[in-house]
Amino acid sequence: MSIRCFIGGAVALGAVAAGTAGVAGTASAAAPAAAVAVQDGRAVQDGRGGHGHGKHGQATAPERVLTNSALVRASRELVESARRHGNQRVTMVIMERAGTIRLVVRTRESGPQTYVSAKAKAYTAVAFGQPTSALAGNETIKQIPGTLTLPGGVPVLYKGFPIAGIGVGGAPDGRIDEAIANDVLAAIGR
């Protein structure tokens with residue numbers, strides 16, 4: 001057996017193990033993503049199916065993501081909640097577990113620093129599966145680049161696992177940011 005055949009076989013075996021054989025793109029493109037929404041602070045299937053994508057013993061599982069309609073509700077709620085909390089000039093970022101930013105919404109006259117804050121809060125909430133206010137005293141997390149433990153970030157959970165983070169930044173008090181983020185979380189579940 002030549003070394004070329006050996007390497008070719010190893011590459012093919014690696015592609016099969018990764019689930020990418022015969023599929024253009026990344027391994028995550030091999031299985032359709034199940035869409036979820038949130039009810040009572042917990043994510044649930046949106047009724048379009050999603051169950052049965054995998055069987056016990058399979059090496060891959062579908063990634064849980066928020067539906068587009070849930071993101072539209074989140075956008076509207078951010079604007080309404082910011083108004084209800086004193087016309088706050090804030091930015092909201094919703095980040096999925098893989099680090100993909102799915103949504104950015106800014107209210108009028110929000111400063112450029114509000115995006116940076118909201119993004120870091122969303123990242124922290126999804127990475128650690130807790131509201132950022134609950135992580136404020138954790139010195140280790142504060143040392144990780146890209147994290148922010150000020151109030152204003154809340155996770156979106158599916159079966160207890162964080163699938164997204166909602167970060168809000170820009171209000172003069174982080175408790176207002178977090179109240180707005182919780183309003184958005186509730187709107188996603190409607």
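Presented here is a report on the structure given in the accompanying data block.

### Some thoughts on the pairing of strand β4 (residues 91–96)
For β4, a buried count of six out of six residues is recorded, marking the element as mostly surrounded by other parts of the structure. Neither face of β4 is left uncovered, since the one carrying T91, V93 and M95 and the one carrying M92, I94 and E96 both have all their residues buried. The turn joining β4 and strand β5 (residues 101–106), which pair antiparallel and follow one another in sequence, is formed by four residues; a positive phi near 95° is taken by G99. The pairing of β4 with strand β7 (residues 161–169) spans six bridges and is classified as antiparallel. Its bridge partner being in β7, T91 is matched across the sheet by G169.

### Some points on unusual backbone geometry
A positive phi angle, near 65°, is found at E109, a position not held by glycine. Within the fold, E109 resides in the loop between β5 and α3 (112–128). You can call E109 exposed: its relative accessible area is 62%.

### Let's talk about the nonpolar core
Ranked by internal contacts, the top residues of the largest apolar core, which has 24 residues, are L66, L78, M92, I94, I166, V168 and I188. Broken down by secondary-structure element, the contributors of at least two residues to this core are α2 (68–84), β4, β5, β6 (153–158), β7 and α5 (174–188). Among the nonpolar cores identified, the runner-up in size contains five residues, and V93, M95, A122 and V126 belong to it.

### Details of the pairing of β7
A large share of β7 lies buried, amounting to eight of its nine residues. Taken together, the six bridges between β6 and β7 define a ladder with antiparallel strand orientation. Directly across from P155, in β7, lies its bridge partner G165. What sits between β6 and β7 in their antiparallel hairpin is a turn of two residues, with K159 showing a positive phi close to 55°.

### Remarks on a nonpolar patch on the surface
Together, Y123, F128 and I144 make up a nonpolar patch on the protein surface, roughly 220 Å² of accessible area in all. Classification of Y123 as partly exposed rests on a relative accessible area of 33%.

### A closer look at α3
One turn of the α-helix equals 3.6 residues, which is why residues spaced by three or four share an orientation. End to end, α3 covers 25 Å across 17 residues, agreeing with the expected 24 Å (1.5 Å per residue, within 8%). Restricting attention to buried positions, one finds in α3 the residues T114, S117, A118, A120, K121, A122, T124, A125 and V126. Two residues or fewer past α3, G129 is found with a positive phi of approximately 65°.

Parameters and conventions
Residues numbered from 1 in each chain as written. Predicted model: local features only at pLDDT ≥ 70, side-chain atom pairs only at ≥ 80, totals over all residues. Heavy atoms only, no water. Buried < 20%, exposed > 50% of the residue type's maximum accessible area, 1.4 Å probe, protein only. Helix = DSSP H or I, 4+ residues; strand = E, 2+ residues; numbered from the N terminus. Pairing = 2+ DSSP bridges. Core = buried A, V, L, I, M, F, W, Y, C linked by side-chain atoms within 4.5 Å. Patch = residues over 30% accessible without salt bridge, like charges linked within 9 Å, V, L, I, M, F, W, Y side chains within 5 Å. Areas by Shrake-Rupley, 256 points an atom, 1.4 Å probe, with all protein chains shown as cover. Salt bridge = Lys/Arg side-chain N within 4 Å of Asp/Glu carboxyl O. Expected span 1.5 Å × (residues − 1).

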